[in-house]
Amino acid sequence: MEGLVVDPKFWRDRSVLISGHSGFKGSWLALWLHHMGARVTGMSLEPPSSPNLFELARVADVADSVHGDVRELEALNSVCRKAHPEIIFHLAAQSLVRESYRDPATTFATNTLGTVNCLEAARHADTVRAVVVVTTDKCYRNSGRTQGYRETDELGGTDPYAASKACAELVTEAYRRSFFSSPERQALVASVRAGNVIGGGDWAAERLVPDAVRAFSSGEPLRLRNPTSMRPWQHVLDPLLGYLMLGEHLLRGVESAARAWNFGPDLKDAKPVEWVADELAARWGGGVRWVTDKSAELKEAEVLALDSSQARRDLHWTPRLPLADALDWVVDWYRGHLKGNNPRAQTLSQIQKYMSLAGS
């Protein structure tokens, strides 16, 4: 396998703080880091759904879990004082577009002010040498083009969620240039943007895969808001691989890594929602189907794709799971869960399988 991959020895006994570790992506990251021997501390609110991967996979058993809100600076200061992290992965967010319309104030407070607080806590924590701020592919000003957006393209956002994440990107750049580049406080700060992430253990509302699992397992048709919308689908482990590779570069002092990064799928894996729904239904079997939800009034971008050539060139990162394989893994995970398989065991099994694909 070409290029650098995640080195478990590098992460062994390293102190890592994850904000938002009770979420879907944060739980996968916490389990992966613990599997490599890292000392993981997580700060988050209660899991955002029930059921959820955090509780099913007993993530609290492998991380020092602190209940805290990123909207409160002192909560982050306190956990940094206690955990002495070398690196922070900032994942805590209000991540649902429809919820951002229902409660825009909380969305901006969590996603924008929460990023301010994370970076503010980091700059006053002497042990912190690297920060990875996780935003979204929706932080770009969407012009409707089919080519992937690059890290240097204009930021924007016409819905509260996208705008709050674009603001988080501006905050990250301001802190990087203003506070983390001086002789008095040197730490490397980067931001990361991924596509529509899928994987086992996601039960969030108003996301395609969880909605499909709920519908298919109950014998109901899956209701799609925007069947023709194009999205960059990817398995959760592909962007997490990028975050870990980037984190290692930052901790090794590679200053050129302190910038924005896209970790999206191959452009051929940008598919319409209806295509993914068809593939999920075919794998699920039993005659399950989907229908268009004509009552949905939410306005979303029709086309969205990322250009990750920078990560391929400079980090030697590549996505390891084509979309067809990612969908196989997703359906296998949920099928196993419904059969009573141990959620942590099957999550770790997929992590180990993925690491063998990645050459770790």
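Use the structure listed above.
Residues numbered from 1 in each chain as written. Predicted model: local features only at pLDDT ≥ 70, side-chain atom pairs only at ≥ 80, totals over all residues. Heavy atoms only, no water.

What follows concerns the overall build of the chain. Of the regular secondary structure elements, the chain holds 13 helices and 14 strands. Compactness check: the chain gives a C-alpha radius of gyration of 19 Å against a globular reference of 21 Å for 360 residues, within 12% of the reference. Expressed along its principal axes, the backbone C-alpha trace of the chain runs to roughly 60 × 40 × 40 Å. Across the 360 residues of the chain, 57% fall into the buried class. (Helix = DSSP H or I, 4+ residues; strand = E, 2+ residues; numbered from the N terminus. Rg over C-alpha atoms; globule rule 2.2 N^0.38 Å. Buried < 20%, exposed > 50% of the residue type's maximum accessible area, 1.4 Å probe, protein only.)

This brings us to the environment of Gly156. Following the sequence through the fold, Gly156 ends up in the loop between strand S5 (130-134) and helix H7 (160-179). Between the C-alpha atoms of Gly156 and Lys138, which are 18 residues apart in sequence, the distance is 8.2 Å. When neighbours within four sequence positions are excluded, Gly156 is seen to be in contact with Lys138, Cys139, Tyr140, Arg141, Ala162, Ala163 and Ala166. (Contact = heavy atoms within 4.5 Å.)

Moving on, we come to unusual backbone geometry. Look at the link from Ser50 to Pro51: it is a cis peptide, with omega at 5 degrees. Phi at Arg58 takes a positive value of approximately 55 degrees, unusual for a residue other than glycine. The residue Arg58 is located in the loop between helix H3 (53-56) and strand S3 (64-67) in this model. The exposure class assigned to Arg58 is partly exposed, which follows from its relative accessible area of 36%.

Relative to the assigned elements, Arg344 resides in helix H13 (residues 343-358). In this structure, Arg344 is in contact with Leu31, Leu56, Ala57, Arg58, Asp61 and Val62, ignoring residues within four places of it in sequence.

Right, let's talk about the sheet that holds strand S9 (residues 196-198) for a bit. Sheet architecture is open: three strands sit in the order S9-S11-S13, paired in mixed fashion. Each having just a single partner strand, S9 and strand S13 (270-272) make up the two edges of the open sheet. Going from strand to strand, the sheet's axes swing by 50 degrees on average, the running direction of each strand aside. Here three bridges tie strand S11 (residues 230-235) to S13, and the two strands are oriented antiparallel to one another. Counted as the bridge partner of Arg231 is Lys271 from S13. Contacts from helix H10 (residues 273-284) reach S11 and S13, with the element oriented near 85 degrees to S13. (Pairing = 2+ DSSP bridges. Axes fitted to C-alpha atoms, helices over the stretch in contact; angles between N-to-C directions.)

At a closest axis distance of 9 Å, the pairing of helix H4 (residues 73-83) and helix H6 (residues 104-123) adopts a crossing angle of 35 degrees. Between H4 and H6 lies a crossing whose hand is right-handed. Taken together, the residues of H6 that come into contact with H4 (itself represented by Leu73, Leu76, Asn77 and Cys80) are Gly114, Asn117, Cys118, Glu120 and Ala121. Here the contact of H4 with H6 is composed, by residue class, of five nonpolar, three polar and one charged. (Left-handed = near helix turned anticlockwise from the far one by under 90°. Nonpolar A, V, L, I, M, F, W, Y, C, P; charged D, E, K, R; others polar.)

It is worth spelling out the packing of aromatic side chains at this point. What the rule picks out here adds up to twelve aromatic pairs. Consider the rings of Trp203 and Trp333, whose centres lie 5.8 Å apart with planes at 70 degrees: the pair is edge-to-face. Of the two residues, Trp203 sits in the loop between S9 and helix H8 (208-218) while Trp333 sits in helix H12 (residues 323-338), which places them 130 residues apart along the sequence. A relative accessible area of 10% places Trp203 in the buried class. (Phe/Tyr/Trp six-rings, centres within 6.5 Å; stacked < 30°, edge-to-face > 60°.)

All right, on to the sheet that holds strand S2 (residues 39-44) then. Read from one edge of the open sheet, seven strands run S3-S2-S1-S4-S5-S8-S12, paired in parallel fashion. The open sheet has two free edges, formed respectively by S3 and strand S12 (260-263), since each of these has just one partner strand. Taking each pair of neighbouring strands and ignoring which way they run, the sheet shows an average axis angle of 20 degrees. In this sheet, S3 lies alongside S2 in parallel orientation, the contact comprising four bridges.

Turning next to the pattern of salt bridges. All chains considered together, the criterion is met by 28 salt bridges. The shortest N-O distance in the salt bridge between Arg102 and Glu206 comes to 3.3 Å. Of the two residues, Arg102 is situated in helix H5 (residues 97-102) and Glu206 in the loop between S9 and H8; the sequence distance between them amounts to 104 residues. Arg259 is paired through a salt bridge with Asp314; the nearest N and O atoms lie 2.8 Å apart. With Arg259 in the loop between helix H9 (237-251) and S12 and Asp314 in helix H11 (residues 309-314), this pair connects stretches of sequence that are 55 residues apart. Of the residues examined, Arg259 reaches a relative accessible area of 25% and is grouped as partly exposed. Among the residues examined, Asp314 registers a relative accessible area of 29% and is labelled partly exposed. Because the salt bridges share partners, they merge into one network encompassing Arg98, Glu99, Arg102 and Glu206. (Salt bridge = Lys/Arg side-chain N within 4 Å of Asp/Glu carboxyl O.)

It is worth spelling out the packing of H8 against H10 at this point. When two helices pack together, their arrangement is given by the angle between the helix axes and by the axis-to-axis distance. Packing of H8 against H10 leaves a shortest axis separation of 11 Å and a crossing angle of 40 degrees. When the axis of H8 is compared with that of H10, the two are oblique. The chirality of how H8 crosses H10 is right-handed. Residues Leu208, Val209, Ala212, Val213, Phe216 and Ser217 of H8 pack against Val273, Val276, Leu280, Ala281 and Trp284 of H10. (Parallel < 35°, antiparallel > 145°, perpendicular 65-115°, else oblique.)

By the criterion of burial, S5 is predominantly enclosed, with five of the five residues buried. Along S5, one buried face is formed by Ala130, Val132 and Val134 and the opposite face, lined by Val131 and Val133, is buried too. In the sheet, strand S4 (residues 87-90) pairs with S5 via four bridges, with the strands oriented parallel. Bridging from a neighbouring strand, Ile87 pairs with Ala130 of S5. Two strands pair when backbone bridges link them, and S5 and strand S8 (residues 188-194) are joined in this way by five bridges, in the parallel orientation. Among the inter-strand pairings, Ala130 is bridged to a residue of S8, identified as Leu188.

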